[in-house]
Amino acid sequence: MIRNFRLRLTAWYLAFFTLLLAVFGFLFYGMFSNAMRERLDETLRSEAATAAGLLADEITELHGDLPAAAAEAVEEMKFRTTTLVIYSGGRVLASSDTGRSRDLAEAVRLAGQSDLVEASGYGHRGARAAIRRVPVDGGEAIAVALEPLDALADEMRITRRILLFGFPLLIALAGLGGYAVATRSLAPLGWMARQAHEIGGESLHKRLEIGDAADELTTLAASFNELLARLDQSFETMRRFVADASHELRTPLSVIRGEADVALTRERSASEYKQSLAVILDESRRLSRLVDDLLNLARADSGHVKLRLEDLYLNDLVAECCRSARTAAEARNIALECACPGDVPFRGDEDLLRRMVTNLLENAIRHAPEGGRVEASVEAEPGAIRVQVSDNGPGIPPEEAARVFERFYRVDEARSRREGGFGLGLAIVKWIAEVHKGEAGVISKPGAGSTFFVTFRV
Ligand code: ADP
């Protein structure tokens, strides 16, 4: 098996070319030798007819003297290339090749009525002869035009030699040409491979130069470039994620460290230690929430989330989430309503769905004004189930609405941080919606509250 692609292409091309050439050679040789024979027969027939005509004329002119008429007719045609023989009664009357005309006697006898015969005893390879009968007093005379087959055989031998020596030469030239064409056509591949080799994690922004390569290679390079663009984007997202995550981890960690440092600078009272430990506990809780969120998103990115699917009632799940959020809502004097009247069966991962609704409720409670209102509902429509959480908070400016589902994105960064947000809650909501073949969105008007919803297709 040839491993070199260029050589393999050339070998296939040569095999095909040789086959074509062999078929062509056989057909050409067969047709050429037939054509040569037909031309010879044609010439012989016409020469025999001319000789017969001449003989008839001479017989009339010489008042029936057949031997003299035969000699005259042969004399008149002596400059022709074919040999002319005139017989009568099994005897040669006249011949332009006196040495061998006797050889023809038997052949002419065998020819009977046929006008073309092979005269085997003539020359090395015999001869081809055309016969014309001329009626004479008391019998017939026969005019024979013949041509030795030696000349034809020589011509065919030369043709065979040309084919036998010419074809290998043609095949060798075709091989060289094919190899050169394959080398030239595949050169862009090598050049692209060298460029691709130089692209590493640090230079994913680079692209393959396509140049004037053939269409197929341009398509290959374009696909490769698209792949690079996707990789570049994934790398960029990952880099940003790691940078943002580290940034977020730094704040609670430095608060914990600072608090411990200050507490340990000197002896303190029990209540001061208690205060410091409370701060540290608070920040540790924040930290573990952040780590939880990061883990969830890392799982989402890995694409190998194993959903623990089970049959449940979404209305029950939302109602339970509302009950759990009640304490937080009451702390801010917010009226939390849950409109989940009928049973809405659904198949999904209960923990993830609970997380999704809780995130939406926590956001709504955090953003609704003191004494405000938050409403959660589940609605089953034909072909879809919609879970939504609305509040009468400040709303979201239209230009920010599409971005709030991005990771680490916060509309009011300072306020969000102060309230303990990392900008990951809605990114997790979006991911949970998507793994359940749903879609998350928000309808909001600044100053008139927001409605966050998730629509599942069923
Ligand atoms: P965070 O943990 O910071 O709240 P989220 O991903 O949950 O992060 O939300 C992203 C941003 O969207 C928040 O910083 C906030 O600015 C905005 N947001 C989320 N929910 C609401 C809401 N109910 N009303 C107004 N703004 C909201």
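Residues numbered from 1 in each chain as written. Predicted model: local features only at pLDDT ≥ 70, side-chain atom pairs only at ≥ 80, totals over all residues. Heavy atoms only, no water.

**Q** What am I meant to see in the domain arrangement of the protein here?
**A** Many structure descriptions define interface size as the accessible area lost when the parts assemble. Structurally, the protein comprises domain 1 (5–154), domain 2 (215–300) and domain 3 (306–457). Using only C-alpha atoms to locate each centre, domain 1 and domain 2 end up separated by 105 Å. (Domains from an automatic or database assignment.)

**Q** Help me understand the pattern of salt bridges, please; the structure alone is not making it clear to me.
**A** Side-chain pairs of opposite charge can arise where the charged atoms are in close proximity. A full pass over the atoms with the stated rule returns 18 salt bridges. Residues Arg373 and Glu375 are paired through a salt bridge, measuring 3.9 Å at the closest nitrogen-oxygen approach. Exposure remark for Arg373: the relative accessible area of 37% places this residue in the partly exposed category. On the basis of relative accessibility, which here comes to 29%, the residue Glu375 falls in the partly exposed class. Overlapping salt bridges, with partners in common, bring together Glu320, Glu350 and Arg354 in one network. (Salt bridge = Lys/Arg side-chain N within 4 Å of Asp/Glu carboxyl O. Buried < 20%, exposed > 50% of the residue type's maximum accessible area, 1.4 Å probe, protein only.)

**Q** I'm lost on the packing of helix H1 (residues 5–61) against helix H2 (residues 66–76) in this one. Help?
**A** Helix packing for two helices is described by the angle between their axes and how far apart those axes are. Contact geometry of H1 with H2 gives a least axis separation of 8 Å together with a crossing angle of 135°. By the angle between their axes, H1 is oblique relative to H2. The crossing of H1 and H2 is right-handed. Between H1 and H2, the contacting residues are Leu54, Leu55, Glu58 and Ile59 on the first element and Leu66, Ala69, Ala70, Glu72, Ala73 and Glu76 on the second. For the contact of H1 with H2, a count of residues per class yields seven nonpolar, no polar and three charged. (Axes fitted to C-alpha atoms, helices over the stretch in contact; angles between N-to-C directions. Helix = DSSP H or I, 4+ residues; strand = E, 2+ residues; numbered from the N terminus. Parallel < 35°, antiparallel > 145°, perpendicular 65-115°, else oblique. Left-handed = near helix turned anticlockwise from the far one by under 90°. Contact = heavy atoms within 4.5 Å. Nonpolar A, V, L, I, M, F, W, Y, C, P; charged D, E, K, R; others polar.)

**Q** How should I be thinking about the packing of aromatic side chains in this particular structure?
**A** This model, assessed by the stated rule, comprises six aromatic pairs. Ring centres of Phe24 and Phe28 lie 5.9 Å apart, and the angle between their planes is 20°; this geometry places the pair in the stacked category. A residue pair is termed a helical-turn pair when its members lie 3 or 4 positions apart in one helix, as Phe24 and Phe28 do in helix H1 at four residues. Judged by its relative accessible area of 34%, Phe28 is partly exposed. Seen from their ring centres, Phe405 and Phe452 are 6.1 Å apart, and the 65° between their planes marks the pair as edge-to-face. In this pair, Phe405 is assigned in the loop between helix H9 (398–401) and helix H10 (413–418) and Phe452 in strand S12 (residues 450–457), connecting sequence segments 47 residues apart. Relative accessible area serves as the criterion here: at 9%, Phe452 is assigned to the buried category. In this structure an aromatic cluster arises from ring pairing among Phe24, Phe28 and Phe32. It is Arg386 that lies over the ring of Phe453; its NZ or CZ is 4.2 Å from the centre. (Phe/Tyr/Trp six-rings, centres within 6.5 Å; stacked < 30°, edge-to-face > 60°. Lys NZ or Arg CZ within 6 Å of the ring centre and 35° of its normal.)

**Q** Looking at this structure, how should I read helix H4 (residues 149–197)?
**A** Side chains three or four residues apart in an α-helix point the same way, a direct result of the helix having 3.6 residues per turn. Across its 49 residues, H4 extends 70 Å between first and last C-alpha, which sits within 8% of the 72 Å expected from 1.5 Å per residue. Along its length, H4 shows its largest kink, about 35°, at Leu186, and proline Pro188 lies within four residues downstream of that point. (Expected span 1.5 Å × (residues − 1). Bend = angle between axes of the 7 residues up to and from the residue.)

**Q** Any chance you could explain the pairing of strand S4 (residues 127–136) here in plain terms?
**A** Moving residue by residue along a regular strand, the side chains alternate between the two faces of the sheet. Of all ten residues that make up S4, seven are buried, and the element is covered over most of its length. In this structure, S4 lies alongside strand S5 (residues 139–148), joined through ten bridges in antiparallel fashion. The partner of Pro135 across the bridge, within S5, is Glu140. (Pairing = 2+ DSSP bridges.)

**Q** Explanation requested: a negative patch on the surface in the structure shown.
**A** Residues Asp57, Glu61, Glu72 and Glu76 make up a contiguous surface patch of negative charge. Elements with a minimum of two residues in the negative patch: H1 and H2. The topology assignment puts Glu61 in helix H1. (Patch = residues over 30% accessible without salt bridge, like charges linked within 9 Å, V, L, I, M, F, W, Y side chains within 5 Å. Areas by Shrake-Rupley, 256 points an atom, 1.4 Å probe, with all protein chains shown as cover. Lys, Arg positive; Asp, Glu negative; His and termini not counted. Charge placed at Lys NZ, Arg CZ, Asp CG, Glu CD.)

**Q** Looking at this structure, I do not really get the layout of surface pockets. What am I missing?
**A** Think of a ball as big as a water molecule: rolled over the atoms, this probe shows where empty space is left. Its boundaries defined by the atoms lining it, the second largest pocket holds a volume of some 400 Å³. In terms of lining residues, the second largest pocket is bounded by 17 residues, among which Thr237, Phe405, Glu406, Arg407 and Ala427 are the most central. Residue classes in the lining of the second largest pocket are distributed as eight nonpolar, one polar and eight charged. When residues of the lining of the second largest pocket are assigned to domains, at least three map to each of domain 2 (215–300) and domain 3 (306–457). (1 Å grid on protein atoms, 1.4 Å probe; cavity = no way out; pocket = protein on both sides within 12 Å on 5 of 7 lines; lining within 4 Å. Points joined across faces, edges and corners; volume = space filled by probe spheres on them.)

**Q** Mind showing me how you'd approach the nonpolar core here?
**A** Inside soluble globular proteins, nonpolar side chains tend to come together where they are buried. With 54 residues, the main nonpolar core has Leu314, Leu353, Leu361 and Val374 as its most contacted residues. If one sorts the elements of this core by residue count, helix H8 (residues 350–367) sits on top with eight residues. Counting residues domain by domain, this core receives three or more from each of domain 2 (215–300) and domain 3 (306–457). Within the second largest apolar cluster, 19 residues are counted, among which are Ala52, Ala69, Val74 and Val134. (Core = buried A, V, L, I, M, F, W, Y, C linked by side-chain atoms within 4.5 Å.)

**Q** Sorry if this is basic, but what is going on with a nonpolar patch on the surface here?
**A** Judged by side-chain polarity, Leu19, Val23, Leu27 and Met31 come together as a nonpolar surface patch covering roughly 430 Å² of accessible area. Take Leu27: it is sitting in helix H1. Look at Leu27 and you get exposed, because its relative accessible area is 52%.

**Q** Before we go on, may I ask you to explain the packing of H1 against H4 in this structure?
**A** Contact geometry of H1 with H4 gives a least axis separation of 9 Å together with a crossing angle of 160°. By the angle between their directions, the pair H1 and H4 is classed as roughly antiparallel. Here H1 runs over H4; the crossing is right-handed. Residues belonging to the contact of H1 with H4 are distributed by class as follows: 24 nonpolar, eight polar and four charged.

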